[in-house]
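One-letter residues, chain by chain:
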Amino acid sequence: MKAHPVNEPILPYTLGSNERTTILEQIEKQMSEVIEIPCIINGKEVFTGNTVTQVIPHKSNHVIANVHLAGKNEIEEACEAATRSQKNWINLGLEGRCKIFEKCADLLAGEWRMKVNAATMLNQSKTVFQAEIDSACELIDFWRFNCYYARKFHDDFQPLVSPDGVENSTEIRPLEGFILAITPFNFTSIAGNLPSAPAIVGCTSLWKPSRNSYFSNYYLMQLMMEAGLPAGVINFLPGSGEEITDISVKNSNFAGLHFTGSTKTFQGLWSKISDNLNNLKSYPRIVGETGGKDFVIAHPDCDKKGLLVALIRGAFEYQGQKCSAASRAYIPHSIWDDIKDNLLSEINKINMGDARELTNFMTAVIDNRAFERIRGYIERTKIRDSCEIFAGGKCSDSDGWFIEPTVILTNNPTSETMVDEIFGPVLTIYLYEDEKFEEILEICDKSSPYALTGSIFANNEDDIQTAFKALRFSAGNFYINDKPTGAVVAQQPFGGARASGTNDKAGGPLNLLRWISPRSIKRTLDIPHEWKYPFMESQ
Ligand code: NAD
């Protein structure tokens, strides 16, 4: 067994660095053209002529691509291609498949890095650092560690016992049929991982990218093909999620859903799959990582500077559009009195604007729909007696979809913005009496349906342990004295339960197990030639 991989180092993009020059050149190049993005079915580009445009969220009148959407025929062809290609894909063997995905990782770490990062900065409006940790480092890690984990199953899952005359073994088969991978806009790495994790263990897939990340995701598809991904193994299908789902779950070879996105979408997909169960050859595996209402709780005895940094980075990096973003905080009055002026002055220092301007900490939210949804939350807050806007609160869509980093103070722990996933740069803070720490843990646990990430700031180990136990089921990823974002592959496998998903932990071995269906094999070396048992002998 090879030694395990190491996490891909993050490039710093400091002034004068090569990577800083190259990324800016790559951005200019990508902005100077409008590319045509086809569907890719069975390894072939399909230009359907039914197109939508892709724009840059922080420069919303700038078109970077025309995207050809899949219709009924393309979706059906993709189901066929994925089904047909599985036999050869399995026969290639785990080593053959890993070689391809390890090549993907090497290409992304090398000559493709700047192309994919620039595409992510433009398409999803990320700062250079947010793009680097997502579309380069995290995806490289997913590919390398998933290959490592998959190889390890083959050793770990062999039967413990083979008595004399018998050889027992386990074949790590993939699911029989194809996977539908439906991916979110907010992480290029997740988009790449959802179709490829099942592929490493032998599944083929239809990949339905988000309408807000066709551009960066198409770069990944091209990269995988350059690395030698055989035709039909992953079929790239921009188009209507509803239509793609309707057709694929009616196909008897549909074997599973690998989804990341909102809770509402996932619940709808689950129902649709169960409605079609009778048509399917196998019970499908359903993996969905969904929304969050991620919390920060401060104890009266805690590191105040650390808390402030966690609130700013946790709530506002990538404009709060991380499933793990800090969006509710519970802070004792004594701490609030100490940090509030600093918090306001630090938030006022945040630069927001074009992703090309590297001094910006924030850029735009993803599209007009998100802009209006987030603005709605802020506007409703303004007329609520229980809430006040402490920082930010202004929105502008004249050049792109910009929303100021916003902090709301509330005296109602179940007010709308303390409970709903807003998915924007909005943090709501509930102030509590210093002596009510344990009550606040209970309120935090009970007041939202989500259970994705959360963090506790406390100096004293007993207080940390009290929170650890009280919040056992409140978060699938729990942080102590840190922000609730920034999970790293192979360090903090990621996922939550309750309304936040099936908790199958992307970035760890558990996720891969969902895509296998093992076969147990007994080979008898001493073949019995007598049907009677010894106990049957007469005296
Ligand atoms: P979304 O649910 O709007 O879309 C996700 C995907 O589902 C997209 O590809 C979309 O086109 C597709 N889709 C939407 N409606 C569909 C339908 N009726 N049938 C089939 N497909 C459909 O989510 P989004 O805006 O892309 O992403 C943000 C959401 O994702 C947030 O809720 C966030 O918390 C969540 N998220 C969760 C994790 C996690 O690991 N838990 C990670 C990233 C994002």
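In this text, all values refer to a predicted model and were calculated from it rather than measured experimentally.

### Considerations on the site of the ligand
Move 1: Close to the ligand lie 27 residues; T183, S262, T265, T290 and E421 are nearest.
Move 2: Side-chain polar atom of S262 to an oxygen atom of the ligand: 2.7 Å apart, as the coordinates give it.
Move 3: T290 places a main-chain nitrogen or oxygen 2.8 Å from a nitrogen atom of the ligand.
Move 4: Contact with the protein chains covers 83% of the free accessible surface of the ligand, which is 840 Å².
Move 5: Sort the elements by how many residues they give to the shell around the ligand and helix α8 (residues 241-250) lands first, with three residues.
Move 6: Shared between two domains, the shell around the ligand holds at least three residues of each, these being domain 1 (18-290 + 501-521) and domain 2 (294-480).

### Section: the sheet that holds strand β20 (residues 453-457)
Move 1: With mixed pairing, seven strands are arranged side by side in an open sheet as β14-β17-β18-β13-β12-β20-β21. At either end of the open sheet lies a strand with only one pairing partner, and these are β14 (387-391) and β21 (477-480). Shown here is a sheet whose adjacent strand axes are inclined to one another by a mean of 20°, direction ignored.
Move 2: In the sheet, strand β12 (residues 294-298) pairs with β20 via four bridges, with the strands oriented parallel.

### Quick notes on the sheet that holds strand β1 (residues 35-37)
Move 1: What the three strands build is an open sheet, ordered β1-β5-β4; its pairing is mixed. Edge positions in the open sheet fall to β1 and β4 (51-56), since each of these has one partner strand only. Geometrically, the sheet is characterised by an average inter-axis angle of 40° between neighbouring strands, direction not taken into account.
Move 2: For β1 and strand β5 (residues 59-68), the ladder comprises three bridges, and the chain directions are parallel. Looking at the pairing, E36 lines up with N66 of β5.
Move 3: With respect to the sheet, helix α4 (residues 113-123) is in contact with β4 and β5, its orientation differing from that of β4 by roughly 95°.

### Concerning the domain arrangement of the protein
Move 1: According to the domain assignment, the protein consists of domain 1 (18-290 + 501-521) and domain 2 (294-480).
Move 2: For domain 1 and domain 2, the distance between their C-alpha centres works out to 31 Å.
Move 3: Contacts between the two partners involve 28 residues from domain 1 and, on the opposite side, 29 residues from domain 2.
Move 4: In this structure, the connection of domain 1 to domain 2 is made through two salt bridges.
Move 5: Applying the counting rule to domain 1 against domain 2 returns 14 residue pairs in polar contact (both at pLDDT 80 or more).
Move 6: Elements represented by at least two residues in the side of domain 1 that touches domain 2 include exactly α1 (18-31), β5, α4 and α5 (128-156).
Move 7: Counting residues per element, the side of domain 1 that touches domain 2 draws most heavily on α1, which supplies five residues.

### Here we look at unusual backbone geometry
Move 1: Even without being glycine, S125 reaches a positive phi, approximately 55°.
Move 2: Mapping S125 onto the fold places it in the loop between α4 and α5.
Move 3: The exposure class of S125 is buried, given its relative accessible area of 0%.
Move 4: Although it is not a glycine, A490 sits at a positive phi angle of roughly 70°.

### Quick look at the packing of helix α2 (residues 72-91) against α8
Move 1: Following both chains from N to C, one finds α2 and α8 inclined at 45°, their axes separated by 10 Å at the closest point. The angle between the axes of α2 and α8 places the two elements in the oblique class. Every pair of crossing elements has a handedness; the one defined by α2 and α8 is right-handed. Packed against α2, whose contacting residues are K72, I75, E76 and C79, the element α8 presents E243, I244, I247 and S248 at the interface.

Here is what the cut-offs are and how they apply
Residues numbered from 1 in each chain as written. Predicted model: local features only at pLDDT ≥ 70, side-chain atom pairs only at ≥ 80, totals over all residues. Heavy atoms only, no water. Near = heavy atom within 4 Å. Polar contact = N/O pair within 3.5 Å; in protein donor to acceptor, adjacent residues only side chain to side chain. Areas by Shrake-Rupley, 256 points an atom, 1.4 Å probe, with all protein chains shown as cover. Helix = DSSP H or I, 4+ residues; strand = E, 2+ residues; numbered from the N terminus. Domains from an automatic or database assignment. Pairing = 2+ DSSP bridges. Axes fitted to C-alpha atoms, helices over the stretch in contact; angles between N-to-C directions. Contact = heavy atoms within 4.5 Å. Salt bridge = Lys/Arg side-chain N within 4 Å of Asp/Glu carboxyl O. Buried < 20%, exposed > 50% of the residue type's maximum accessible area, 1.4 Å probe, protein only. Parallel < 35°, antiparallel > 145°, perpendicular 65-115°, else oblique. Left-handed = near helix turned anticlockwise from the far one by under 90°.

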